[in-house]
Amino acid sequence: MAYDTLDVPEKGESVTVLDETTDALEVPETPVIPILYGDGIGTDVGPAAQSVLEAGARATGRDIAWLRIYAGESARDRYGVNLPTDTVEAIRDFRVGIKGPLTTPVGAGYRSLNVALRQRLDTYANVRPTYHLDGVPSPVTHPEQMDMVTFRENTEDVYGGIEWDHEDEDVERVRAFVEDEMGFDDTIHDGPVGIGVKPITEFGTKRLVRKAIDYALEEGRDTVTLVHKGNIMKFTEGQFRDWGYEVAEQEYGDEVITEDTLWEERDGEQPDQAVVVNDRIADNMLQQVLTRTENYDVLATMNLNGDYISDACGAQIGGLGIAPGANFGDALCLAEPVHGSAPKYAGQDKVNPTAMILSGVLMFEYLGWNDAATLVRDAVEETIVSKRVTYDLHRQIDGGEKLSTSGFADAVVENIE
């Protein structure tokens, strides 16, 4: 594998795929792992996470050959483009990587690089586990009740980028088609208009729901909840619900049972080892994650709903500064924190790197390095319990020691070692 613009480390080997249908991998003791620090605070949290993950690997008898890759501001400075082809190809070829946040302008400028990466790599499942770490201040009374994993479809919905600006001459062609050809002549108000298209496909829906159910079965989770607004958007979000149930009913036999069957045929009694698939309306789900937190395990959602709901879940465990995530395709993982680039804090060595560190924990789990993953997560929690924290948590607790981004990473490494 040759990349004209990247300095590939001499040591290290590629992660190889044994079976793409099961995501089975062969992982060397020193894998090459691409790392993209990202924009804004990515230049702070990226190196901090890298040092912690290196320590976790070393403590379990392994090593990592890091490959620096670039996108966003760092790529523009280095190559004059936002997303170099070599960056995409390196992630695809090495099968695993980790990235920090990338800035997306609001209302103008280039489209989201995060979305572009997900689409070009076909990492169709954005997985966001939400769980509370001891010692983290929370706005709710019992944050420990939150233990959900959101599987967010990553490649379609309104994030697909099929839209036209109000000044684009093509927007009037789309308006005319919708009004004259499709008969929606009383729907769009007069004057300038922006128009977008919301594709929800059977293919995209079913592979996402399948991923969520497989995870629930592997991890011993009780439920998978399809989250949608199908009562209003019947042919997109409603179809997501229907296709999701088709996967559950047609592909899993006795391993999966739907909520309707559970109550109609089993008097509400869940059979051993079976996962219950149910569904909830999206706006009601935003209430349910707060008022009935313990009732939910795995959520399967479309792109936009998953973004909203996982952020709401993150608020209950202390905020997005500690919320990890990862994008999964077929035998491919690109880990990334949930939070944004917060450019006003860039370079201040101030912000909390926990979300990116814990995203690395997801990457370790994907590699099968579960001992290293547990070690890193426990070390992060131990550091926070001891009240050695960054400013965002320090201002919410009594006493304790306020650490910089790099200082917090050093404290976690001490606990690992």
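Treat the numbers as computed from the prediction; the structure is a model and nothing was measured.

Draft legend 1. Main features of the pairing of strand 6 (residues 125–131). By the criterion of burial, strand 6 is predominantly enclosed, with 7 of the 7 residues buried. Here strand 6 shows two buried faces, one formed by Ala-125, Val-127, Pro-129 and Tyr-131 and the other by Asn-126, Arg-128 and Thr-130. Two elements, strand 6 and strand 7 (residues 147–153), share 7 bridges in a ladder whose sense is antiparallel. Residue pairing for strand 7: Tyr-131 is matched across the bridge by Asp-147. With 3 bridges joining them, strand 6 and strand 14 (residues 326–329) adopt antiparallel strand pairing.

Draft legend 2. Local environment of unusual backbone geometry. Phi is positive for Arg-95, close to 75 degrees, though the residue is something other than glycine. With respect to the helices and strands, the residue Arg-95 is situated in the loop between helix 3 (85–94) and strand 5 (96–99). The class for Arg-95 is buried, based on a relative accessible area of 18%. Phi at Asp-157 is positive, roughly 65 degrees, even though this residue is not glycine. Considering the arrangement of structural elements, one finds Asp-157 in the loop between strand 7 and strand 8 (163–164).

Draft legend 3. Quick look at the packing of helix 1 (residues 42–59) against helix 14 (residues 405–416). The geometry of helix 1 relative to helix 14 is characterised by a closest axis approach of 9 Å and an angle of 5 degrees between their N-to-C directions. Taken together, the axes of helix 1 and helix 14 are roughly parallel relative to one another. Between helix 1 and helix 14, the contacting residues are Asp-44, Val-45, Ala-48, Ser-51, Val-52, Ala-55, Gly-56 and Ala-59 on the first element and Thr-405, Ala-409, Val-412, Val-413 and Ile-416 on the second. Residue classes in the contact of helix 1 with helix 14 are distributed as 9 nonpolar, 3 polar and 1 charged.

Draft legend 4. Local environment of the environment of Leu-217. When you line up the elements, Leu-217 lands in helix 6 (residues 202–219). Taking the C-alpha atoms as reference points, Leu-217 and Asn-114, separated by 103 residues in sequence, lie 29 Å from one another. Discounting residues that sit within four places of it in the chain, Leu-217 has contacts with Tyr-252, Glu-255, Gln-273 and Val-275.

Draft legend 5. Inspection of helix 11 (residues 354–367) at higher detail. If you check helix 11, its first and last C-alpha atoms are 20 Å apart, about what 14 residues at 1.5 Å a residue would give, namely 20 Å. Counting buried positions along helix 11 gives 13 out of 14 residues, so the element sits mostly inside the fold. Phi turns positive, to about 85 degrees, at Gly-368, one or two residues after helix 11.

Draft legend 6. Fine view of the side chain of Thr-383. Along the chain, Thr-383 falls in helix 12 (residues 370–385). Relative accessible area serves as the criterion here: at 0%, Thr-383 is assigned to the buried category. Leaving out residues up to four positions away in the same chain, Thr-383 has contacts with Arg-388, Phe-408, Ala-411, Val-412 and Asn-415.

Draft legend 7. Broad picture of the sheet that holds strand 7. Spatially, 11 strands are ordered 4-3-5-15-14-6-7-13-10-12-11 in an open sheet, and the strand pairing comes out mixed. Edge strands, defined here as strands with exactly one partner in the open sheet, are strand 4 (65–68) and strand 11 (256–258). For this sheet the average axis-to-axis angle between neighbouring strands, irrespective of direction, equals 25 degrees. Across 3 bridges, strand 5 lies against strand 15 (residues 332–335) in parallel orientation. Its bridge partner lying in strand 15, Val-96 is registered against Cys-333. Contacts from helix 9 (residues 282–291) reach strand 7, strand 10 (223–228), strand 12 (275–281) and strand 13 (298–301), with the element oriented near 115 degrees to strand 12.

Draft legend 8. A nonpolar patch on the surface, seen in detail. Nonpolar side chains collect at one region of the surface, where Phe-177, Met-182 and Phe-184 lie side by side and expose about 320 Å² of accessible area between them. Here Phe-184 is to be found in the loop between helix 5 (169–181) and strand 9 (195–196). A residue is classified by how much of its surface remains accessible, and Phe-184, at 45% relative accessible area, is partly exposed.

Draft legend 9. Structural context of the nonpolar core. Ranked by internal contacts, the top residues of the largest apolar core, which has 89 residues, are Ile-213, Val-224, Phe-364 and Val-380. Broken down by element, the residue count for this core peaks at 9 residues, all from helix 11. Contacts of Phe-364, omitting those with residues within four sequence positions, involve Leu-53, Ala-57, Ile-64, Trp-369, Asn-370, Ala-372, Ala-373 and Val-376. Counting residues in each nonpolar core, the second largest holds 21 residues, with Tyr-3, Ala-75, Ile-91 and Phe-94 among its members.

Draft legend 10. Molecular detail of the pattern of salt bridges. Enumeration according to the criterion identifies 26 salt bridges in this entry. The salt bridge partner of Asp-297 is Arg-221, with a shortest N-O separation of 3.7 Å. With a gap of 76 residues between them, Asp-297 in the loop between helix 9 and strand 13 and Arg-221 in the loop between helix 6 and strand 10 connect regions that are remote in the sequence. Across the pair, exposure class does not vary: Asp-297 and Arg-221 are buried alike. Measuring nitrogen to oxygen at the nearest pair gives 3.0 Å for the salt bridge that ties Asp-242 to Arg-241. You can call Asp-242 partly exposed: its relative accessible area is 33%. The exposure class assigned to Arg-241 is partly exposed, which follows from its relative accessible area of 25%. When salt bridges with common partners are traced through the structure, they connect Arg-128, Arg-152, Asp-307 and Asp-311 into a single cluster.

How each quantity is defined
- Residues numbered from 1 in each chain as written.
- Predicted model: local features only at pLDDT ≥ 70, side-chain atom pairs only at ≥ 80, totals over all residues.
- Heavy atoms only, no water.
- Buried < 20%, exposed > 50% of the residue type's maximum accessible area, 1.4 Å probe, protein only.
- Helix = DSSP H or I, 4+ residues; strand = E, 2+ residues; numbered from the N terminus.
- Pairing = 2+ DSSP bridges.
- Axes fitted to C-alpha atoms, helices over the stretch in contact; angles between N-to-C directions.
- Parallel < 35°, antiparallel > 145°, perpendicular 65-115°, else oblique.
- Contact = heavy atoms within 4.5 Å.
- Nonpolar A, V, L, I, M, F, W, Y, C, P; charged D, E, K, R; others polar.
- Expected span 1.5 Å × (residues − 1).
- Patch = residues over 30% accessible without salt bridge, like charges linked within 9 Å, V, L, I, M, F, W, Y side chains within 5 Å.
- Areas by Shrake-Rupley, 256 points an atom, 1.4 Å probe, with all protein chains shown as cover.
- Salt bridge = Lys/Arg side-chain N within 4 Å of Asp/Glu carboxyl O.
- Core = buried A, V, L, I, M, F, W, Y, C linked by side-chain atoms within 4.5 Å.

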